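Each chain, written out:
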Amino acid sequence: MAQHASFASLNVGDGPAPLVFGPLTRTDFVRYAGASHDFNPNHHDEIYATERGNKTVFGMGMLAAGYGGRLMTDWFGVPALRRLRIRFASRFWPGDVLTATGKVMAKNEADGVLECEFTLVNQDGEVIVRGDATVAPRT
Amino acid sequence: MDTSAAGKTFPPYEFQVERGKIREFAAAVGDPNPVYRDPAAAAAEGLPGIPAPPTLLRTFLYEPQTSAEALGVVDWSFIVHGEQEFEYFAPVVAGDVLTGTQRILSVTEKESRRAGKLAIGVIETVFHNQRGEKVQVLRRTLIETGQRIAD
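Below or above, wherever it landed, is the structure these notes cover.

### Some words on the packing of aromatic side chains
All told, the structure shown has ten aromatic pairs over all chains when counted by the stated rule. Summarising the aromatic geometry, the rings of Phe86(B) and Tyr88(B) are spaced 6.1 Å apart at their centres and angled 0 degrees between planes, so their arrangement reads as stacked. Relative accessible area serves as the criterion here: at 0%, Phe86(B) is assigned to the buried category. Every member of this aromatic cluster is reached through a ring pair, and the members are Tyr13(B), Phe15(B), Phe60(B) and Phe127(B). The ring of Trp93(A) has Lys55(A) lying over it, and the distance from NZ or CZ to the ring centre is 4.7 Å. The residue whose ring lies beneath Arg91(A) is Phe58(A), and the NZ or CZ to ring-centre distance is 4.6 Å.

Here it is in structure tokens:
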């Protein structure tokens, strides 16, 4: 793995290289259903989903949350993560391209801890999830 | 939702964090990080084994449905998963046997101009490992709306 960002190197406003996911497919949703045990048919059964007024199946919020988790662990490493929160704002669909970006919101010198925020937006700039995280990076 | 459900607790449940599940989950969230696949890569980051990806333990909340049922939801098509929080206290690695203990933290009601009457339930699950160490705490916020949301 590439060297993770250090506490000393980061300041408020800094962010990682954005990550891009997609174009997403129904297969991506089915793969996450199997891995996560989320078998809500809205995420894999086209007939069920459209009968209920959806244009097609849609992705799981926790799949987008997983993409956000990767943004944080690529940036800081798995052991650095202290807290992660994801708020679900909108749905996403097959064909969507989600872009994850993040930045440092606060730097706590006394504890060596950073407060960060991240978002995943679709190709139209619509926010799909908002997240925030507390991390203790290498010094 | 049943506002009197706040404070309810549920019997602990146990499961093993399997290396194959970690690899499968990492692939499903599009994460090629070698720490999820290669013990040497995990050790190079100071981890005592192949680590769980940050959102993995959420998937183990599907096992006990009792706490979600205790919220008193009448029709799940009015429910939206509003928020999910994870706190990390110690590494979770492949082979760990975790015990999850759930309780309903709160159930509150409020009026929303857009969505009608809302009920907001928060379920907390505390996970301990086989050595009795608290490893993660998850908080899942479910919102019951006055109209069908995801369905």
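### Quick look at the pairing of strand 5 (residues 134-144) of chain B
All names here are of chain B. Of all eleven residues in strand 5, nine are buried, a share of seventy percent or more. The pairing of strand 2 (residues 79-88) with strand 5 spans nine bridges and is classified as antiparallel. Paired with Glu-85 across the two strands is Arg-139, which belongs to strand 5. In this sheet, strand 5 lies alongside strand 4 (residues 116-128) in antiparallel orientation, the contact comprising ten bridges. Among the inter-strand pairings, Glu-124 is bridged to a residue of strand 5, identified as Arg-139. Here strand 4 folds back onto strand 5, and the loop between the two strands holds five residues, one of which, Gly-132, carries a positive phi near 80 degrees.

Thresholds, definitions, all that
Residues numbered from 1 in each chain as written. Chains lettered and ligands numbered in written order. Predicted model: local features only at pLDDT ≥ 70, side-chain atom pairs only at ≥ 80, totals over all residues. Heavy atoms only, no water. Phe/Tyr/Trp six-rings, centres within 6.5 Å; stacked < 30°, edge-to-face > 60°. Buried < 20%, exposed > 50% of the residue type's maximum accessible area, 1.4 Å probe, protein only. Lys NZ or Arg CZ within 6 Å of the ring centre and 35° of its normal. Helix = DSSP H or I, 4+ residues; strand = E, 2+ residues; numbered from the N terminus. Pairing = 2+ DSSP bridges.

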